[in-house]
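Coordinates in review
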Amino acid sequence: MVLNPVLGKLVSKRVVLASASPRRQEILTNVGLRFEVVPSWFKETLEKSSFTAPYEYAVETAKQKALEVANRMHIKHMRTPDIVIGADTIVSVDKQILEKPVDKQDAYRMLSRLNGKEHSVFTGVAIIHCHSKDNQLEMEVTDFYEETKVKFSELSEELLWEYIHSGEPMDKAGGYGIQALGGMLVEYVHGDFLNVVGFPLNHFCKKLAELYYLPSKHNIQHKKYDSIPSVDTFENLSDGESSNFTERKVASKLDHSGMHSSGAAYTSENTSAVRTGFTVPLENQNAVSQSAPKLPSKILELMDGFRASKALFVASKLKIFDHLKDKGPTKAVDIANYVGASVCGTERLLDACASLGLLEKTPQGYSNTDSANTYLTSDGKYSLHGYIIHSNDHLWPLFTNLEFAVKEGSRQNHRAFGKKADDLFKDYYHRQEVKQRFMAAMHSIARLTARDVATAFDLSQFKSACDLGGCTGALAYELVQVYPNLKVTVFDLPEVIANTSYFQPSGQHTAPVTFVSGDFFKDNLPEADLYILSRVLHDWPDEKIHVLLSKISAVCKPGSALLVAETVLDEQKTHPSVAVLQSLSMTEGKQRSSSEYKQLLEKYGFTDVQIKITGNLLDAVLCFKKNLSL
Ligand SMILES: Cc1cn([C@@H]2O[C@H](COP(=O)(O)OP(=O)(O)OP(=O)(O)O)[C@@H](O)[C@H]2O)c(=O)[nH]c1=O
């Protein structure tokens with residue numbers, strides 16, 4: 001339950017907390033907000049002397065933390081969140097800014113400065129609303145700060161050192177945690193206590209109310225938002241894109257005076273627009289247009305989505321991106337000749353790709369965008385070409401029959417391909433060409449996700465791993481790069497193992513990876529300290545999973561572990577949509593939430609189940625075989 005209706009407005013949104021702070025996670029979880037945690041990689045190294053007031057530093061740092069995550073998720077992980085929240089807490093005393101101490105001596109220096117005095121704790125917060133339009137990331141930044149005054153008692157040296165040796169100060173601004181032992185140092189607090197802990201919840205809710213409350217025409221200029229509206233008021237709230245958030249966006253002026261580190265312009269106003277690579281439509285610069293009905297852009301985008309997907313598929317199939325790689329601008333007629341297609345048809349396809357941000361068009365011709373070079377050419381390290389072709393040749397026909405799939409509740413292989421696959425993978429492996437296509441598709445996703453899966457947990461304690469259904473070995477090769485002492489066995493069907501040589505990485509020492517053929521439902525599993533199931537569990541029905549997990553549990557020695565890589569659903573099972581939409585293929589398996597994975601794995605004797613949402617297409621779940629002596 002979400003008590004506060006403002007937070008309720010976020011229920012259907014993909015919210016990301018760009019913070020590693022466990023306190024922030026707890027404060028927001030406690031009020032029922034559902035979000036994904038993607039810690040920011042932004043280094044807190046802004047030049048403090050360039051800010052006139054300490055809170056400006058906290059706000060800017062919060063903003064940069066959130067922008068970094070929004071950009072990374074959009075570009076690197078191709079998962080654009082709806083909202084990214086960033087925060088930064090600092091302590092200010094005698095015009096100095098104190099952050100987290102670097103060591104015990106530093107903690108002592110900080111606590112001594114605070115001793116017996118009043119200081120201010122500032123938390124800067126940035127709320128970034130993101131939209132992906134024509135593959136460009138559009139962001140709207142709202143930021144604010146909260147100040148709380150805290151006074152320390154006069155404390156003895158001995159007490160300060162005792163406190164420092166407790167270890168508590170090290171990951172906390174100013175070197176103390178008011179919510180725990182540090183509470184004993186504090187004489188009084190004036191202001192929001194949670195602001196000191198790391199997140200000004202009350203101010204955050206007010207800010208959301210400001211963003212989502214739809215004011216009438218009369219009060220649009222004058223309404224002051226200094227309280228969280230009552231539930232009644234919230235009956236005026238509208239949903240999603242028709243909310244006041246869009247209204248405010250229309251009213252905001254675009255001020256190109258500010259540039260953030262990635263070069264996108266944003267205003268320094270409280271609510272501001274960050275726009276990357278696009279111009280503001282004229283009507284949006286004019287506040288008069290507020291009364292005009294807004295385009296339901298999300299719905300229109302969905303309505304057209306199939307055309308966009310198919311344009312991408314056909315351009316990939318015709319190898320247009322391969323042809324344009326490392327080439328200057330090329331005329332449509334030359335591309336048409338190369339691909340053996342009509343000039344007029346090719347030109348329309350090229351224009352469509354340019355409009356989707358996949359190609360660049362100049363008077364000299366068409367060329368690849370950077371992301372086309374990286375992801376759409378067939379031989380790139382992070383090429384998605386294999387998965388795109390699989391989507392066109394396999395998923396598209398299945399989804400064309402979605403209506404039957406929903407009505408009958410079953411996979412539509414017979415309608416799509418004229419035959420019923422009695423076993424999920426039999427059809428794939430029947431023909432060489434289909435087998436290669438499927439392996440290339442799996443390879444694409446594995447390459448793109450391998451680093452995040454391999455580093456989601458510290459696996460350096462394991463000497464040997466066995467990747468069950470490890471296909472081309474993409475994850476295995478990544479694991480041995482990250483953990484040089486690890487040896488990985490890739491275990492997969494003989495038909496798969498026979499075709500893996502094509503996918504071996506070049507220029508990498510391949511010895512720590514070996515391939516063993518077998519059927520993980522029937523054959524003995526190779527011995528290992530760590531078993532891996534990447535993108536396996538969601539494909540199979542409960543009976544098959546029972547066979548597989550029972551076998552793994554039986555061979556796993558106490559203390560050994562199982563790493564599962566899947567897209568983990570939120571508890572409501574509506575996000576991330578990539579997994580929810582995948583379910584529509586109607587395989588007999590299913591996607592699961594964190595609690596479902598935990599329950600499933602515990603049922604087979606695994607404990608200490610830890611789940612890491614990576615922000616990439618695959619998340620990671622690590623669990624350990626129960627120690628019998630416990
Ligand atoms: C004064 C005080 C601070 N904190 C913690 O101090 C960190 C500040 O550092 P930050 O840079 O704002 O955040 P972070 O922890 O580095 O996380 P991130 O957002 O990823 O930068 C946050 O954790 C806060 O809770 C407490 O837990 N209790 C207190 O009384």
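Described below are features of the structure shown in this document. (Residues numbered from 1 in each chain as written. Predicted model: local features only at pLDDT ≥ 70, side-chain atom pairs only at ≥ 80, totals over all residues. Heavy atoms only, no water.)

Looking at the packing of helix H9 (residues 297-317) against helix H12 (residues 343-355)
How two helices pack is summed up by the angle between their axes together with the distance between the axes. Running from N to C, H9 and H12 point in directions that differ by 120 degrees, and their axes come no closer than 10 Å. Relative to H12, the element H9 is oriented oblique. With respect to the hand of their crossing, H9 and H12 are arranged in left-handed fashion. On H12, the residues that touch Ala311, Val314 and Ala315 of H9 are Leu349, Ala352 and Cys353. (Axes fitted to C-alpha atoms, helices over the stretch in contact; angles between N-to-C directions. Helix = DSSP H or I, 4+ residues; strand = E, 2+ residues; numbered from the N terminus. Parallel < 35°, antiparallel > 145°, perpendicular 65-115°, else oblique. Left-handed = near helix turned anticlockwise from the far one by under 90°. Contact = heavy atoms within 4.5 Å.)

Remarks on the site of the ligand
The environment of the ligand is formed by 21 residues, the closest being Ser19, Arg24, Lys65, Lys100 and Val197. A distance of 2.2 Å is found between an oxygen atom of the ligand and a side-chain nitrogen or oxygen belonging to Lys100. For the ligand, an oxygen atom lies 3.0 Å from a polar atom in the backbone of Ala173. Every element with two or more residues in the shell around the ligand is listed here: helix H2 (22-30), strand E3 (83-93) and helix H6 (193-197). Classifying every residue of the shell around the ligand by side-chain character gives 7 nonpolar, 6 polar and 8 charged. (Near = heavy atom within 4 Å. Polar contact = N/O pair within 3.5 Å; in protein donor to acceptor, adjacent residues only side chain to side chain. Nonpolar A, V, L, I, M, F, W, Y, C, P; charged D, E, K, R; others polar.)

Examining the sheet that holds strand E18 (residues 606-612)
Strand order in this open sheet of 7 strands is E15-E14-E13-E16-E17-E19-E18, and the pairing throughout is mixed. Among the strands making up the open sheet, the edge pair consists of strand E15 (513-517) and E18. Strand-to-strand twist in this sheet, taken as the mean axis angle between neighbours without regard to direction, amounts to 20 degrees. Relative to strand E19 (residues 619-625), E18 is paired through 5 bridges, and the arrangement is antiparallel. (Pairing = 2+ DSSP bridges.)

With respect to the pairing of strand E14 (residues 487-492)
One face of the sheet, then the other: side chains in a regular strand alternate in exactly this way. Counting buried positions over the 6 residues of E14 gives 5, a clear majority of the element. In terms of strand pairing, strand E13 (residues 464-468) meets E14 through 5 bridges, oriented parallel. Note that in E14 the partner of Ser464 across the bridge is Lys487. Across 5 bridges, E14 lies against E15 in parallel orientation. Paired with Thr489 across the strands is Thr514, a residue of E15. (Buried < 20%, exposed > 50% of the residue type's maximum accessible area, 1.4 Å probe, protein only.)

What to know about the packing of aromatic side chains
Under the defined criterion, the tally for this structure stands at 13 aromatic pairs. Summarising the aromatic geometry, the rings of Tyr108 and Trp161 are spaced 4.8 Å apart at their centres and angled 15 degrees between planes, so their arrangement reads as stacked. Here Tyr108 is found in helix H4 (residues 104-114), whereas its partner Trp161 is found in helix H5 (residues 157-165), with 53 residues between them in sequence. Residue classification places Trp161 among the partly exposed residues on the basis of a relative accessible area of 24%. Taking the centre distance of 4.9 Å and the plane angle of 80 degrees together, the rings of Phe520 and Phe521 count as edge-to-face. Classification of Phe520 by relative accessible area gives buried; the value is 11%. (Phe/Tyr/Trp six-rings, centres within 6.5 Å; stacked < 30°, edge-to-face > 60°.)

Here's the deal with the pattern of salt bridges
Evaluation of the coordinates by the stated rule reveals 30 salt bridges. Notably, a salt bridge pairs Arg23 with Asp171, separated by 3.2 Å at the nearest N-O pair. Of this pair, Arg23 sits in helix H2 while Asp171 sits in the loop between H5 and strand E7 (186-190), and the two are 148 residues apart along the sequence. Classification of Arg23 as buried rests on a relative accessible area of 16%. According to the relative accessible area criterion, Asp171 is partly exposed, its value standing at 36%. For Lys207, the salt bridge goes to Glu210, with nearest N and O atoms at 3.3 Å. One end of the pair is Lys207 and the other is Glu210, both in helix H7 (residues 201-212) and 3 residues apart, which spans about a single turn. The same class applies to Lys207 as to Glu210, namely buried. Three or more residues joined by partner-sharing salt bridges are found here, namely Glu44, Lys65, Asp88 and Lys100. (Salt bridge = Lys/Arg side-chain N within 4 Å of Asp/Glu carboxyl O.)

Everything listed is a geometric property; what it means functionally is a separate question.
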